[in-house]
Amino acid sequence: MDFSIIQYSKFMTLLAMLLQNLKTLHVSLEDSIKWLGEVMAEIGPTHSQKSEDWNIFDVKQANAIIDYLKISLFQHYKLYEFMFFSAREEIVIGTEQVIEVVKSACSPFPNPLEEGISSDIYSTFIEPPTTLDTEMKGLDQEQSPEESQPETDTSNMDPLVGFTIEDVKSVLDQVTDDILISIQTEINEKLQIQEEAFNARIEKLKKA
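Looking at an unreviewed UniProt entry, the chain carries the name Ciliary associated calcium binding coiled-coil 1, with the source organism given as Macaca mulatta.

**Concerning the confidence of the model for the chain**
Mean pLDDT over the chain works out to 76, with 66% of the residues at or above the 70 mark. Mean pLDDT values for the elements of the chain range from 53 in helix H7 (residues 145-156) up to 89 in helix H1 (residues 5-24).

**Considering the packing of H1 against helix H3 (residues 59-74)**
Where H1 meets H3, the axes come as close as 12 Å, and the angle between the chain directions of the two elements is 35°. The crossing of H1 and H3 is right-handed. For the pair H1 and H3, the contacting residues are Gln-7, Phe-11, Leu-14, Leu-15, Leu-18 and Leu-19 in the first and Gln-61, Ile-65, Tyr-68, Leu-69 and Leu-73 in the second. Split into classes, the residues belonging to the contact of H1 with H3 amount to nine nonpolar, two polar and no charged.

**A few points about unusual backbone geometry**
Phi is positive for Asp-2, which is not a glycine, with a value near 55°. Tracing the sequence through the fold places Asp-2 in the segment before H1. Even without being glycine, His-26 reaches a positive phi, approximately 55°. One can find His-26 in the loop between H1 and helix H2 (29-43).

**Thoughts on the side chain of Gln-7**
Examined against the element boundaries, Gln-7 turns out to sit in helix H1. Overall, the relative accessible area of 9% leaves Gln-7 in the buried class. Side chain to side chain, Gln-7 and Gln-61 meet in a polar contact 3.0 Å long. Dropping the residues within four chain positions of it, Gln-7 is found in contact with Asp-2, Ile-56, Phe-57 and Gln-61.

**A look at the pattern of salt bridges**
Oppositely charged side chains may form a pair once their charged atoms are brought near each other. By the definition in use, this model includes two salt bridges. A salt bridge links Glu-186 to Lys-190, with the shortest nitrogen-to-oxygen separation between them at 3.9 Å. Here the residue Glu-186 and the residue Lys-190 both occupy positions in helix H8 (residues 165-207), the gap between them amounting to four residues, near one helical turn. Judged by its relative accessible area of 25%, Glu-186 falls in the partly exposed class.

Each value, and the rule that gives it
Residues numbered from 1 in each chain as written. Predicted model: local features only at pLDDT ≥ 70, side-chain atom pairs only at ≥ 80, totals over all residues. Heavy atoms only, no water. pLDDT = per-residue confidence, 0-100. Helix = DSSP H or I, 4+ residues; strand = E, 2+ residues; numbered from the N terminus. Axes fitted to C-alpha atoms, helices over the stretch in contact; angles between N-to-C directions. Left-handed = near helix turned anticlockwise from the far one by under 90°. Contact = heavy atoms within 4.5 Å. Nonpolar A, V, L, I, M, F, W, Y, C, P; charged D, E, K, R; others polar. Buried < 20%, exposed > 50% of the residue type's maximum accessible area, 1.4 Å probe, protein only. Polar contact = N/O pair within 3.5 Å; in protein donor to acceptor, adjacent residues only side chain to side chain. Salt bridge = Lys/Arg side-chain N within 4 Å of Asp/Glu carboxyl O.

What follows is the structure, encoded as structure tokens:
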């Protein structure tokens, strides 16, 4: 509408006062329309002997302002009332998770690790003999000392007799490769499960 600075100031003041009346005084729609008519009669065109400083808007500008307020504020008056006076539920985006830490286990099981190994590998290559197994061996030796004598003689023999260094290296390499492949596969499965869980949480947060 090519308003002047004074007209812009009067228009913004008018709009702010309408919203302030609604927010603080709970003015109804009918009262707001009446108030607007009274104010526009003072600042709009008039044939009275008032000073020309009060004749801020002409008829075309006054009608444009009233049309604008009609389609913006008055048409959605109930919406503004709801926004100012109705309590709305606060939406909190976030989740809380309770993590239970595994307690330290007694022997023969090791303490839980962030990146542990499977129980089969542990029991085969790492697990020390239990006290119960040691006691059972002691009882067997007491009950059959004669039978245990050949076993003792056999245990004194070097188990690597007949194998070269290359044979031992080959066996160790094969066992190491099998262990590493098993560990790598297990780690990849855990990482894939964690990635799927994180993606699911991200999708839930986006939807929320």
